[in-house]
Amino acid sequence: MSPAIMTVVLVATFVSFTVSASAGLGGSLVLVPTLVAVLGPKEGVALAALLLAANNVVKVVAYRDRLPYRVAVPVVALVSIGAFLGSTLLVAAPEAWVLAAVGVALIAGFALERAPVTSKPAGPLLAFGSGATSGFSGTSGPLKGMALRALELDRHHLVGAASLVSLFGDATKSAVFAEAGLLGPNAVRVAVAAVPLMLAGTFLGRRLNDELGEQGYAALFWLVMSGYLARLALA
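None of these values were measured; they are calculated from a predicted model.

Q: What exactly am I supposed to notice about the overall build of the chain here?
A: Within the chain one finds 9 helices and 0 strands. The order of α-helices and β-strands along the chain, N terminus first, is α-α-α-α-α-α-α-α-α. Within the chain, the proportion of its 235 residues that are buried is 54%. A separation of at least 24 residues holds for 86% of the contacts in the chain among residues at least 6 apart in sequence. Here the chain displays about 10,100 Å² of accessible surface, and carbon together with sulfur accounts for 72% of that area.

Here is the structure:
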């Protein structure tokens, strides 16, 4: 990997960490397509899962006073189960299928977003779907956001819940990918270089979350959702 490409990857990684720490989700929005373009579908998705899992450890520490364990546990369980099934499929699937799944995950997410299924009863279905699509395609699109919105939390606790959910989902995927040996030397170099970016991005993201206010956070949340739509259009 050339220095120029490494720089682009690390900039995208820092942006992803900052968005994830401020909005609670959206880390895969920039990170997954960047890593897929540089490393290929399988290794790119696997490295994104590893980086986001590690970053979510930092986020959980940063938001430790805002973690709604009781309401988040069912979502954590369903996302983890879905992530295990989806990531197991990715290991055995042809790379063309993985590329197609990224697009399908985004289309399905927006179809559900436009349908009247964002109430609490739909939360479990959305949580499982977000884990499964994320495990197979590297991105859950808006599904995780909708599942978390169904919990009806304020912005601070929504980011805390998202950090818990993402930590377990990404850790589950990373374990499956590690056993399959999907990460090569370039992925290891990126992972090591990204460690300080996790700290900086999470610090900046929490500061932004504190300063946004509820209206500002709502705008950021829907900006991330719109980002998924833009990425689908580009794909």
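Next comes the rest of the account.
Q: Honestly, the packing of helix α3 (residues 41-62) against helix α8 (residues 155-180) in this entry has me stumped. Any pointers?
A: Working note: a packed helix pair is described by the angle between its axes plus the distance between those axes. Interhelical geometry of α3 versus α8 gives an angle of 145° and a closest axis separation of 8 Å. Our pair here, α3 against α8, has a crossing hand that is left-handed. Residues Val45, Ala46, Ala49, Leu50, Leu52, Ala53, Asn56, Val57, Lys59 and Val60 of α3 form the contact with α8, whose participating residues are Ser163, Leu164, Ser166, Leu167, Asp170, Ala171, Lys173, Ser174 and Phe177. Classifying every residue of the contact of α3 with α8 by side-chain character gives 12 nonpolar, 4 polar and 3 charged.

Q: Quick question: what am I supposed to make of the nonpolar core here?
A: The nonpolar side chains of a soluble globular protein tend to be buried, and buried together. In terms of nonpolar packing, the biggest core is built from 27 residues, with Leu148, Leu164, Val165, Phe221 and Met225 touching the most fellow members. Sorting the residues of this core by element identifies α3, α4 (69-92), α7 (143-149), α8 and α9 (185-234) as the ones contributing at least two each. Ranked by residue count, the leading element in this core is α8, at 7 residues. One finds Val9, Phe17, Ala187 and Leu197 within the second-largest nonpolar core, a separate group that totals 23 residues.

Criteria and thresholds
- Residues numbered from 1 in each chain as written.
- Predicted model: local features only at pLDDT ≥ 70, side-chain atom pairs only at ≥ 80, totals over all residues.
- Heavy atoms only, no water.
- Helix = DSSP H or I, 4+ residues; strand = E, 2+ residues; numbered from the N terminus.
- Buried < 20%, exposed > 50% of the residue type's maximum accessible area, 1.4 Å probe, protein only.
- Contact = heavy atoms within 4.5 Å.
- Areas by Shrake-Rupley, 256 points an atom, 1.4 Å probe, with all protein chains shown as cover.
- Axes fitted to C-alpha atoms, helices over the stretch in contact; angles between N-to-C directions.
- Left-handed = near helix turned anticlockwise from the far one by under 90°.
- Nonpolar A, V, L, I, M, F, W, Y, C, P; charged D, E, K, R; others polar.
- Core = buried A, V, L, I, M, F, W, Y, C linked by side-chain atoms within 4.5 Å.

What is shown is where atoms sit, not what they do.
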